[in-house]
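Understanding the architecture of this molecule
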Amino acid sequence: MKNEKRVPVFVLSGFLGSGKTTVLLKMLEHCKNKGWLPGIILNELGEANVESHLFENEKVFELLNGCICCTIQDDLKETMNQLIVEMEKQPIDILFIEGTGVANPLEIQEVLLSSQYINQFELMSIITVLDASHYLEYQSIFSSSSEVRNLMKEQTVCGSLLFLNKTDLIPSGQLEKIKQRITKIAGHEKVMIEGVYGQIDPEVLFEKRIQSVLIGNSHSEDEHHPHHHHHSTVQAIKLENVPPLKQKTFEKWLKQLPTNVLRGKGFIESEGSEQIVSFQYASKKAEFMPVPKSLNRKPIIILIGMGLDENQIRDHWKQLVK
Ligand SMILES: Nc1nc2c(ncn2[C@@H]2O[C@H](COP(=O)(O)OP(=O)(O)OP(=O)(O)O)[C@@H](O)[C@H]2O)c(=O)[nH]1
């Protein structure tokens, strides 16, 4: 990719824990193989990015405390402007923007298609990652709020490529049903592929799927999309002063959290070994990965969910650390 061209931009969208970062890491691997220098804008819920160790040696810009709705556009513009200044010193070949799990990608799209950025950046595709293992549950009026259902619908409709991830976690007979439900929302023309751990053919992932208009003012500035405050009940709770814990005990504790805790991430110190271990909790599954001491991570737990009862969680926390 040549630098005098507009910088291609890929947006990763999808609900909490669906696998956006997993897909992004795959895309970064491909960039490395091709010798492309990527820039990354990460938007995180909560005040701390506990995943930066996944992006070592990459050019990462963080938008913390992401609230994608009303403030994202200003924050994103500020970050894009910083990026443009940086690019004068070190041009990038490609840009990735990962929204929070409660982001509406339309908000990001509007910024990228505005006359401020359209001459320099070329929005290629919005990749929406869907968690197959929770899709039916999140779409069910019995087990999910209208807020979650609507947000997921918007992410699905706005996506130019739909990636149905985590198909390893569903019974084989369920896949067709899920795909039919998605097609009903997204329409038959939408490209949908399925897979596990973000494994997709790079040709499919990197394809240009959005045609943006370059002449004059972008339509997006004049068009006003209704602002839905989808995530008013989405919260991130931070637990600090985490004592050393046994991984198994901690995993059990995570799985006993109220069901509206949809996502957890952070670091714990393994009891007895002083090893710092990063954890990811999504789809009611926990994954652990030791991190090198040199990164100097402190134990911290971030829990994200809808309509969380903070007292209930703090009580549950006390059970673990008593
Ligand atoms: N079983 C299974 N787990 C997966 C798959 N893809 C990702 N995961 C795991 O799911 C967890 C969440 O994945 P992420 O890529 O961090 O999800 P995300 O969408 O970036 O999550 P947010 O940070 O909440 O926005 C991690 O523990 C991943 O390793 C998959 O296909 N199958």
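Above this text is the structure in question.
Thresholds applied
Residues numbered from 1 in each chain as written. Predicted model: local features only at pLDDT ≥ 70, side-chain atom pairs only at ≥ 80, totals over all residues. Heavy atoms only, no water. 1 Å grid on protein atoms, 1.4 Å probe; cavity = no way out; pocket = protein on both sides within 12 Å on 5 of 7 lines; lining within 4 Å. Points joined across faces, edges and corners; volume = space filled by probe spheres on them. Helix = DSSP H or I, 4+ residues; strand = E, 2+ residues; numbered from the N terminus. Nonpolar A, V, L, I, M, F, W, Y, C, P; charged D, E, K, R; others polar. Domains from an automatic or database assignment. Buried < 20%, exposed > 50% of the residue type's maximum accessible area, 1.4 Å probe, protein only. Pairing = 2+ DSSP bridges.

Turning next to the layout of surface pockets. In this model, the largest pocket occupies a volume close to 740 Å³. If you list the elements that add at least two residues to the lining of the largest pocket, you get α1 (20-34), β9 (261-269), β10 (276-282) and β11 (285-290). Within the lining of the largest pocket, the residues separate by chemical class into 13 nonpolar, 14 polar and 10 charged. Looking at the lining of the largest pocket, you find at least three residues from each of domain 1 (7-222) and domain 2 (234-321). One number sums up the size of the second largest pocket: a volume of about 320 Å³. Lining the second largest pocket are 15 residues, and of these L28, E29, K32, E56 and E58 lie nearest its centre. No other element matches α1, which puts seven residues into the lining of the second largest pocket.

Attention shifts here to the pairing of strand β5 (residues 121-131). Of all the 11 residues making up β5, 11 are buried; the element is thus mostly covered by neighbouring parts of the structure. Sheet topology places β5 next to strand β6 (residues 161-165); five bridges connect them, and they run parallel. Bridge assignment links I127 to a residue of β6, and that residue is L161.

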